[in-house]
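If you want the building blocks of each chain, they are given just below.
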Amino acid sequence: MNDFSTWDILRNLLMAARWTVLLSLVSFVGGSLVGLALLFARIGKGRLGPAFAKTYIELFQGTPLLMQLFLAFFGLGLFGIDVPAWLAAGLALILWTAAFLAEIWRGCVESVAKGQWEASSSLGMGYLQQMRWVILPQALRVAVPPTVGFSVQVVKGTALTSIIGFVELSKAGTMVTNATFEPFTVYGFVALIYFCLCWPLSKSSQILERKLNVAHRNH
Amino acid sequence: MSLIEITEVKKRFGDNEVLKGINIDVEPGEVIAIIGKSGSGKSTLLRCINGLETIDEGSISVAGAQLLPDELHLKALRLKVGMIFQGFNLFPHLTAGRNVMLSQMVVRKTPKAEAEAMAKKMLERVGLGHKFDAYPDQLSGGQQQRVAIARALAMQPIALLCDEITSALDPELVNEVLAVVKELASEGMTLLMVTHEMRFARDVCSRVVFMHQGRVHEIGPPGEVFANPKTPELKQFLGVVH
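Residues numbered from 1 in each chain as written. Chains lettered and ligands numbered in written order. Predicted model: local features only at pLDDT ≥ 70, side-chain atom pairs only at ≥ 80, totals over all residues.

**Examining the overall build of chain A**
The number of helices and strands found in chain A is 8 helices and 0 strands. What you see in chain A, going N to C, is helices and strands ordered as α-α-α-α-α-α-α-α. By its C-alpha atoms, chain A is 80 × 50 × 20 Å across when sized along the principal axes. Per-residue burial for chain A yields a buried fraction of 36% across its 219 residues. (Helix = DSSP H or I, 4+ residues; strand = E, 2+ residues; numbered from the N terminus. Buried ≥ 20, exposed ≤ 12 C-beta atoms within 10 Å, placed from the backbone.)

Shown next as structure tokens:
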């Protein structure tokens, strides 16, 4: 009755895991770019920029990712736009990632001592020069561990896109289960693959944290 | 014409008027010590001259140029007036040499080789030529402050503002920094310094400004101000009992 070997199950899951990896990468890279723009808007001097960025961040942090996926998938459909699952998944995850990264990075920029702004001002640097040469290089050191740490959340967040029909690791797990009737084996493998993706990330976040601290021991 | 003209400057933080109409004219080459209790507005005054605080009334001009709060005017002003801080504020991610090179290259667009030569020269000048490649956290407080001085000097300012530059230092490190300042003074650099080093003020400064409750309470040559304080507030501040 059951024609699936364990290897068949694993092979199918691994094929689908490629999409999880790809979606994670796209979300993270896209989210970083949008997040960077949000960061500059958030800490900028104008009135509109910070207000917009703040509202955006609160909106995306204050609603479940699942709702954001639904809205991207079904919401645009209401306007007669046919949104494929991959597009809705990518878009929602990019926007969601951007909100969290912008907020993480804002904290990092604000952790740079006020005296650094004053010293660089007094040397005649303009805002962008201060950012580029003095503030961001210091904020970056602080930002690396939490940013890498957050990438784990992105990987796990991709699992939700299975609900709108994007075939990644979780969705593939459900499909394989329906064919094999071996949920424990299948979801066991699914969990294991997620773990293999996430664990190195959390571990490297810890290592980076220790490393960057050593380089910066007196600050 | 005076180098720095401070006229009727007022500054408020909310309801609290910190500067209540300050008038000081500084001639080229003068070394001025600003003394007074904490909260008397001395640091605020210095920060106003460098545009780190905006003023509410009055005017400040440096070498004939008015202090205006837009980025272009501020930048022009800051190229003329350097500032040194109590907390050093070196850039911790750069070596001492790079600290001195950065603003030359970024603000003045000086080529790297030239900026490096200037950085070496300035670090030599404060006695730290051998620390070019050291990071700030590998230097003592006194050395860090001397790098900060070199960094300000590399921009070739016509005046330096020193905001309690020895207050964060261990006592044994104070002198190495003061020696550098003294040398600058003898070379004719115009200096405005907020300080608690009364002996230094007496020995090196051409004039002493005593600030009290946001006003210039007494001003004059150190011999006069220290030996013969006129107001009870200054007497009390100097600990003179009559």
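**Focus: the overall build of chain B**
Helix and strand counts for chain B come out as 9 helices and 10 strands. Taken over the C-alpha trace, chain B has a radius of gyration of 18 Å; the compact-globule value for 242 residues is 18 Å, and the two agree within 12%. Over its C-alpha atoms, taken along the principal directions, chain B stretches across nearly 55 × 40 × 35 Å. Residue burial in chain B is summarised as follows: out of 242 residues, 48% are buried. (Rg over C-alpha atoms; globule rule 2.2 N^0.38 Å.)

**Overview of the pairing of strand 2 (residues 16-26) of chain B**
Residues and elements named next belong to chain B. Pairing between strand 1 (residues 4-13) and strand 2: 8 bridges, direction antiparallel. Residue Ile6 lies in a different strand from strand 2, and its bridge partner there is Ile24. The hairpin formed by strand 1 and strand 2 contains 2 residues between the paired strands, and Gly14 there has a positive phi angle of roughly 65°. (Pairing = 2+ DSSP bridges.)

**Considerations on the nonpolar core**
By size, the foremost hydrophobic cluster in this structure holds 117 residues, and its most contacted members are Ile34(B), Ala150(B) and Leu191(B). With 14 residues, the top contributor of residues to this core is helix 4 (residues 85-110) of chain A. Aside from chain neighbours lying at most four places away, what touches Ala150(B) is Val100(B), Met122(B), Leu123(B), Arg125(B), Val126(B) and Leu128(B). If you look at the next biggest cluster of nonpolar residues, it comprises 12 residues, including Leu13(A), Leu169(A), Val176(A) and Val190(A). (Core = buried A, V, L, I, M, F, W, Y, C linked by C-beta atoms within 7 Å. Contact = placed C-beta atoms within 7 Å.)

**Focus: helix 3 (residues 65-78) of chain A**
All names here are of chain A. Here helix 3 contains 14 residues, and its C-alpha end-to-end distance of 20 Å stays within 8% of the 20 Å for a straight helix at 1.5 Å per residue. The largest bend in helix 3 amounts to roughly 30° and is located at Leu71. All of the buried residues in helix 3 are Leu65, Gln68, Leu69, Ala72 and Phe73. Among the structural elements, helix 2 (48-61), helix 4 and helix 6 (127-157) are those in contact with the buried residues of helix 3. (Expected span 1.5 Å × (residues − 1). Bend = angle between axes of the 7 residues up to and from the residue.)

**Details of helix 7 (residues 169-180) of chain A**
Since the α-helix packs 3.6 residues into each turn, any two residues three or four apart lie on the same face. An ideal rise of 1.5 Å per residue puts 16 Å on 12 residues; helix 7 of chain A measures up with 16 Å between its terminal C-alpha atoms. Buried within helix 7 of chain A we find Leu169(A), Ser170(A), Lys171(A), Ala172(A), Gly173(A) and Val176(A).

**A word on the pairing of strand 6 (residues 81-84) of chain B**
Residues and elements named next belong to chain B. Neither face of strand 6 is exposed, since Val81 and Met83 on one face and Gly82 and Ile84 on the opposite face are all buried. The pairing of strand 6 with strand 7 (residues 159-163) spans 4 bridges and is classified as parallel. Bridging across to strand 7, Met83 finds its partner in Leu161.

**A word on the interface of chain B and chain A**
Of the residues lining the interface, 20 residues belong to chain B; the matching set on chain A comes to 18 residues. When the residues that make up the side of chain B that touches chain A are grouped by side-chain class, the tally is 10 nonpolar, 6 polar and 4 charged. (Nonpolar A, V, L, I, M, F, W, Y, C, P; charged D, E, K, R; others polar.)

**Here's the deal with the confidence of the model for chain B**
Low pLDDT means the predicted atomic positions in that stretch should not be read closely. All names here are of chain B. Scored by pLDDT, chain B comes out at a mean of 92, with 99% of its residues at no less than 70. For chain B, per-element mean pLDDT is lowest for strand 5 (residues 65-66), which scores 82, and highest for helix 3 (residues 96-107), which scores 96. For this predicted complex, the interface confidence reaches an ipTM of 0.91, while the overall pTM sits at 0.85. (pLDDT = per-residue confidence, 0-100.)

**Remarks on the sheet that holds strand 5 of chain B**
All names here are of chain B. Across the sheet, which stays open at both edges, the 4 strands sit in the order 2-1-4-5 with antiparallel pairing between neighbours. The sheet is open, and its two edges are formed by strand 2 and strand 5, each paired on a single side. Alignment of strand 1 against strand 4 (residues 57-62), held across 5 bridges, turns out to be antiparallel. Paired with Ile4 across the bridge in strand 4 is Val62.

**Structural notes on the sheet that holds strand 6 of chain B**
Pairing between sheet strands relies on hydrogen bonds along the backbone, with the strands arranged either parallel or antiparallel. Residues and elements named next belong to chain B. In spatial order, the strands read 6-7-8-3-9-10; together these 6 strands make up an open sheet with mixed pairing. One side of each edge strand has no neighbouring strand; the edge strands of this open sheet are strand 6 and strand 10 (215-220). Direction aside, the axes of adjacent strands within the sheet are offset by 20° on average. As paired strands, strand 3 (residues 31-36) and strand 8 (residues 190-194) are joined by 4 bridges and run parallel to one another. Of the residues in strand 8, the one forming a bridge with Ile32 is Leu192. (Axes fitted to C-alpha atoms, helices over the stretch in contact; angles between N-to-C directions.)

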